[in-house]
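Remarks on the overall topology
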Amino acid sequence: MRKYTKSWIANIFLGVLALSFVSWGVGDMVSGRTDTSVAKVGGTVIDRTEFSRDFQNAMKQEGARRGEPTINADEARKLGLGDAVLESKISQTALDNVVKKLGLTVSDAQVVATIQRIPSFSGLTGQFDRRVFLQAIERFGYSEQGFIELMRSDMARAQLSRALEGGFTLPPGYAKYLFAYFFETRAADYIVVEDKALGAIPTPPDATLQTYIKAHADRFSTPEYRDVTYAWLAPSDVMAQIKVTDDQIKQAYTENKGTYVIPEKRDVEQILFSSEAAAKAAYEKASKGTKFEDLTNEKGEKPTAQPALTTADFDAATAKAVFALAKDGITAPQKTPAGGWQIVRVTGITPGVNRTLDQVKEEIRSKLALDGAIAKLTDISNAYTDQSSKGLSLTEAAKAVGMHTGRVQAVDAQGLGPDGKKTAAPDDQEFRELVFRTEAGEEGDPQVTKQNVIYVVSVSGATPPKLKPLDQVREQALAGWTAQERARLLKQKAQQLAAQANKDGSLDGAAKAIGATIQKSPAIPHNFTDDTFGPDVVRAVFQAGPGKAAMGPKAKGGGYVIARVTGIVHPAISEKDPRFLMAARQLGAQAGTSISESYVAEQRDEQKVVYNRKNIDSVQGGEPQ
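Comments concerning the overall build of the protein chain
Scanning the protein chain from terminus to terminus reveals 22 helices and 17 strands. Against the 2.2 N^0.38 benchmark of 25 Å for 625 residues, the protein chain shows a C-alpha radius of gyration of 35 Å, more extended than a compact globule. Structurally, the protein chain occupies a C-alpha span of about 90 × 90 × 60 Å along its principal axes. Per-residue burial over the protein chain gives 35% buried out of 625 residues. Put simply, of all contacts in the protein chain between residues at least 6 apart along the chain, 69% involve residues at least 24 apart. If you sum the accessible surface of the protein chain, you get close to 36700 Å²; carbon and sulfur atoms cover 53% of it.

Structure (structure tokens):
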């Protein structure tokens, strides 16, 4: 486009293209008719902005679960995260519509009180802190009023949910049957069908091996090779041209002093009390061996964790007491600025850092030199683009701006040539990925890697993968086919023996046929597992009737287990048994939840859900579906 957009033909073409954009989109923008919805539920619109915020927050939460700041859009799409967020939002909206129709309300006082009780919004004193609250909701994309309305909607929906689910109990007889099933145990006689139950696997004809090779072409083909011309330049190539002065180093140190001078930090657990007497009583309990996490205050509240605190996070007296302790030390009762009392336990210590300018001078010099080199590489990249736009070839443009150049006529995705040896191409995975992303016959623009190396590639041609001759891969193909055939025959053998055991009403014949020893299982509950009985076998045992045989893969070591059910035991059930009472409550709660979920599904059907797939996909960063 750079080379040809200067012609009068291109100008006419671009003018027509611009008019088409006006007719398609700008008219809607001017008239205010642009549809920003991602879905409509009974006439209520779920806006794209709202969905985007919730989708971004879900990606952050998934990232936090992995110990990362967030996940990218590709990972989110693979997980189906966006659709899950939207479906949840649609269900909430359907209930919101019912709440509005029924006139359920939540007062401002109730909303405020609920927000102020959320632990995440508490300051160091354990009380609601408006500054902490505003910072927390801002991180998740909410204004104060927006978050208040979100809480109001959640609380109103909760009223409806409690009415649907609350106090639901199953009939005692039904609960007993379920309880008996959940706590049922079984016993079985079993045999293990191992590889030795099979004879030797005959060598297959070449036609069979050839079919196997074709079915596993990725394992028995040559790799794709690409003919690539390339140019590159790394920061080290221009580093010598960058001059860093002492004044620049001093300024960088001053601007980033927080990196080099870091105060000592402490992780603590803190528990607040209304009175000094209560604080002293708790402190004495801790001194006599009571675990700190088991302490409670007058309200029954347990300690809360506060990570990475400095002396600035405490009042002077408490800071002195906390920072005088060793790890796991506990302060005597300390008065809080709000007038209450607290005791604090130190759970972790991060020593402070104090690196002087002289100590980090060369480190800063290297960083500034690297920053300067990266900036210079950006200028060179732009200069390359200018040269290329004049019609110069990749090699000519690269030489004009001082970039290295090279060509490899055949390189695979691992950087190897047809001889299996490393080629002269840069040994850089990002370079190889760039080569194999570029279409044959295409010259790409300059690309910068994570290591700040600039690459430009032009792929002249590609040699597609080709099946290797049978004689070249016969040994590997035979080993793969034999393993596959052995696994198939072993499973088939186990199925036949299980059928024989069911026909005979005994494992004797099956055991005799393969020379196996009949063994007795331990008591098997639903969640049982050991080296023999894995989840698949246990599931099969519980699906089999009394005296019937079941089979499944052995948990470890390969082979199959054929187990014949020899006993079923149900626990004696008393309606006063605490285990039964707890299980009955849980079953009732689950049934209530199922009813609530069914109600939501019914409301979605009645209210009709209309999706705007274009806007949904644009938020998720994917192609329209």
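Once you've had a look at it, read on.
A short note on a nonpolar patch on the surface
Together, Y181, F182 and F183 make up an exposed nonpolar region whose accessible area comes to about 300 Å². Its place among the elements puts F183 in the loop between α8 (172–182) and β3 (185–193). Using a relative accessible area of 36% as the deciding quantity, one classes F183 as partly exposed.

With respect to the pattern of salt bridges
Throughout the structure, instances matching the rule amount to 36 salt bridges. The salt bridge partner of R152 is E149, with a shortest N-O separation of 3.3 Å. Of this pair, R152 and E149 are both found in helix α7 (residues 144–165), three residues apart, which corresponds to roughly one turn of the helix. A relative accessible area of 19% means that R152 is categorised as buried. With its nearest N and O atoms 2.9 Å apart, the salt bridge here joins R474 to D206. Here D206 lies in helix α9 (residues 206–215) and R474 lies in helix α18 (residues 470–504), a separation of 268 residues in the sequence. For R474, a relative accessible area of 30% gives the class partly exposed. A single salt-bridge network, built from bridges that share partners, covers E62, R65, R66 and E75.

What to know about the packing of helix α15 (residues 357–389) against helix α16 (residues 394–401)
Taken N-terminus to C-terminus, the directions of α15 and α16 make an angle of 135°; their axes are 9 Å apart at the nearest point. Between α15 and α16, the angle falls in the class oblique. With respect to the hand of their crossing, α15 and α16 are arranged in right-handed fashion. Where α15 abuts α16, its residues I380, A383, Y384, Q387 and S388 lie against L394, A397, A398, A400 and V401.

Details of helix α5 (residues 108–116)
Among the residues of α5, those classed as buried are V111, T114 and I115. Down the axis of α5, the buried side of the element spans an arc of 100°, and every buried residue falls inside it. Buried residues belonging to α5 abut α6 (130–139) and α7.

Description of α9
One full turn of an α-helix is made of 3.6 residues, so residues set three or four places apart face in the same direction. Buried within α9 we find L209, Y212 and I213. Projected down its long axis, α9 carries its buried residues within an arc of 100°, all on one side. Every exposed residue of α9 that faces more than 90 degrees away from the buried side is listed here: A207, T211, K214 and A215. The inward-facing, buried residues of α9 abut α18.

Some words on the sheet that holds strand β17 (residues 609–611)
Strand order in the open sheet made by the three strands is β2-β1-β17, with antiparallel pairing throughout. Edge positions in the sheet fall to β2 (44–47) and β17, since each has one partner strand and no second. Within this sheet the neighbouring strands show an average axis-to-axis angle of 20°, counted without direction. Bridge count between strand β1 (residues 37–41) and β17: three bridges; the pairing is antiparallel. Residue pairing across strands places V41 opposite V609, the latter belonging to β17. Sheet strands in contact with helix α4 (residues 81–102) are β1, β2 and β17, and its direction is about 40° off that of β1.

Details of the environment of E62
Structurally, the position occupied by E62 is in helix α2 (residues 48–65). By relative accessible area, E62 is classed as buried at 13%.

Digging into the confidence of the model for the protein chain
Mean pLDDT over the protein chain works out to 89, with 94% of the residues at or above the 70 mark. Low pLDDT, under 50, characterises residues 1–9; the stretch is placed with 13 contacts to residues that sit more than four places away or in other chains. Low confidence marks residues 22–31, where pLDDT is under 50. Its contacts with residues over four positions away, or in another chain, come to five contacts.

As for the sheet that holds strand β9 (residues 341–350)
Read across the sheet, four strands follow the order β7-β6-β9-β8 without closing on themselves; strand pairing throughout is antiparallel. With partners counted over all chains shown, the strands left at the sheet margins are β7 (304–309) and β8 (334–335), one partner each. Bridging between strand β6 (residues 265–273) and β7 involves four bridges; their strand directions are antiparallel. Across the sheet, the residue bridging to V268 is Q306, located in β7. Those strands touched by helix α13 (residues 276–287) are β6 and β9, and its axis lies near 45° from that of β9.

As for the packing of aromatic side chains
As enumerated under the stated definition, the model contains 17 aromatic pairs in all. The interplanar angle of 25° and the centroid separation of 6.1 Å between the aromatic rings of F51 and F55 together place this pair among those described as stacked. Residue F51 and its partner F55 are both found in helix α2; the two are separated by four residues, about one turn of the helix. Judged by centre distance (5.5 Å) and plane angle (85°), the rings of F179 and F580 are edge-to-face. With F179 in helix α8 and F580 in helix α21 (residues 578–607), the pair connects residues that are 401 residues apart, well separated along the chain. For the pair F179 and F580, one class covers both residues: buried. Members of the aromatic cluster, joined through ring pairs, are F121, F128, F133, Y142 and F147. The side chain of R579 reaches across the aromatic face of F183, ending 5.0 Å from its centre.

So, how was this worked out
- Residues numbered from 1 in each chain as written.
- Predicted model: local features only at pLDDT ≥ 70, side-chain atom pairs only at ≥ 80, totals over all residues.
- Heavy atoms only, no water.
- Helix = DSSP H or I, 4+ residues; strand = E, 2+ residues; numbered from the N terminus.
- Rg over C-alpha atoms; globule rule 2.2 N^0.38 Å.
- Buried < 20%, exposed > 50% of the residue type's maximum accessible area, 1.4 Å probe, protein only.
- Contact = heavy atoms within 4.5 Å.
- Areas by Shrake-Rupley, 256 points an atom, 1.4 Å probe, with all protein chains shown as cover.
- Patch = residues over 30% accessible without salt bridge, like charges linked within 9 Å, V, L, I, M, F, W, Y side chains within 5 Å.
- Salt bridge = Lys/Arg side-chain N within 4 Å of Asp/Glu carboxyl O.
- Axes fitted to C-alpha atoms, helices over the stretch in contact; angles between N-to-C directions.
- Parallel < 35°, antiparallel > 145°, perpendicular 65-115°, else oblique.
- Left-handed = near helix turned anticlockwise from the far one by under 90°.
- Arc of directions from axis to C-beta.
- Pairing = 2+ DSSP bridges.
- pLDDT = per-residue confidence, 0-100.
- Phe/Tyr/Trp six-rings, centres within 6.5 Å; stacked < 30°, edge-to-face > 60°.
- Lys NZ or Arg CZ within 6 Å of the ring centre and 35° of its normal.

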